[in-house]
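Fold and geometry: a report
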Amino acid sequence: DTLTRGFARDMLRRAVISSTRARARVEALFATTRASSGGVVTNLENATGLYKAELEGRLKGEDVFDHHAFLRSPTGTKEAPCVVESTMEYRVVGAPDPDDDSIIHWGRLEEGAPAMKIGNEWFIHKRVGGGHHH
């Protein structure tokens, strides 16, 4: 137990040091030297658009292109199923198996049908306007 606490304390210390060093590297990357005052243009001064937003986000410790937000979303339950919107009268939905995420369970959600369990989650179809078909 003492060995485990010592290991955890050491890992936490290393993470803090690593995080502090990473922040120092990022801050050095965006040094406040201005070209207008005779200095060299920094990456942040030269950046525009999405690249500038990404660099400013890094300074704040944010990942502006967080593509994994869906992994933190709540899962659907029978009482509060995930609402799947579609312009069609049905929607095919896949959900990973809770024990083996290489297996995908598929289901067809129908307009007006009750919530359906697919994999380990509950889903319900909601028809929205638009999407005219031939």
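Structure first, text after, so check above.
Let us look at the structure shown here. (Residues numbered from 1 in each chain as written. Predicted model: local features only at pLDDT ≥ 70, side-chain atom pairs only at ≥ 80, totals over all residues. Heavy atoms only, no water.)

Observations concerning the packing of aromatic side chains
Applying the stated criterion to the full structure yields zero aromatic pairs. Across from the ring centre of Tyr-90, 3.8 Å away, lies the NZ or CZ of Arg-108, which sits over that ring. (Phe/Tyr/Trp six-rings, centres within 6.5 Å; stacked < 30°, edge-to-face > 60°. Lys NZ or Arg CZ within 6 Å of the ring centre and 35° of its normal.)

Things to note about the environment of Gly-57
If you trace the backbone, Gly-57 turns up in helix 3 (residues 49-59). Since its relative accessible area comes to 4%, Gly-57 is described here as buried. In contact with Gly-57, other than residues within four places in its own chain, are Glu-62 and Val-64. (Helix = DSSP H or I, 4+ residues; strand = E, 2+ residues; numbered from the N terminus. Buried < 20%, exposed > 50% of the residue type's maximum accessible area, 1.4 Å probe, protein only. Contact = heavy atoms within 4.5 Å.)

A look at the nonpolar core
Listed in full, the six residues of the largest apolar core are Val-84, Val-93, Ala-95, Leu-109, Ile-118 and Phe-123. With near-sequence residues (within four places) excluded, Ala-95 lies in contact with Ile-103, Ile-104, His-105, Ile-118 and Phe-123. (Core = buried A, V, L, I, M, F, W, Y, C linked by side-chain atoms within 4.5 Å.)

Describing the pattern of salt bridges
The full count for this structure, using the stated rule, is three salt bridges. Among the salt bridges present, the one from Arg-58 reaches Glu-54, with a minimum N-O distance of 3.2 Å. Note that Arg-58 and Glu-54 are positioned in helix 3 at a spacing of four residues, about one turn of the helix. For Glu-54, a relative accessible area of 23% gives the class partly exposed. A salt bridge links Arg-127 to Glu-111; the nearest nitrogen and oxygen atoms lie 2.9 Å apart. With Arg-127 in strand 5 (residues 121-127) and Glu-111 in the loop between strand 3 (104-110) and strand 4 (116-118), this residue pair connects regions lying 16 residues apart in the sequence. Judged by relative accessible area, which is 40%, Arg-127 ranks as partly exposed. (Salt bridge = Lys/Arg side-chain N within 4 Å of Asp/Glu carboxyl O.)

Section: the sheet that holds strand 1 (residues 82-86)
Taken together, three strands build an open sheet; the order of strands is 1-5-4 and the sheet is mixed. Where the open sheet ends on each side, the last strands, each with one partner, are strand 1 and strand 4. Along the sheet, successive strands turn relative to each other by an average axial angle of 45°, direction set aside. Where strand 4 and strand 5 come together, three bridges link them in antiparallel fashion. From the neighbouring strand, Ile-118 faces strand 5, where its bridge partner is Glu-121. (Pairing = 2+ DSSP bridges. Axes fitted to C-alpha atoms, helices over the stretch in contact; angles between N-to-C directions.)

So, the side chain of His-125
As for its position among the elements, His-125 is in strand 5. Overall, His-125 belongs to the buried group, its relative accessible area being 9%. Separated by 3.1 Å, the side chain of His-125 and the backbone oxygen of Met-88 make a polar contact. Filtering out sequence-adjacent residues up to four positions away, His-125 remains in contact with Val-84, Ser-86, Met-88, Glu-89, Tyr-90, Arg-91, Leu-109, Glu-110 and Glu-111. (Polar contact = N/O pair within 3.5 Å; in protein donor to acceptor, adjacent residues only side chain to side chain.)

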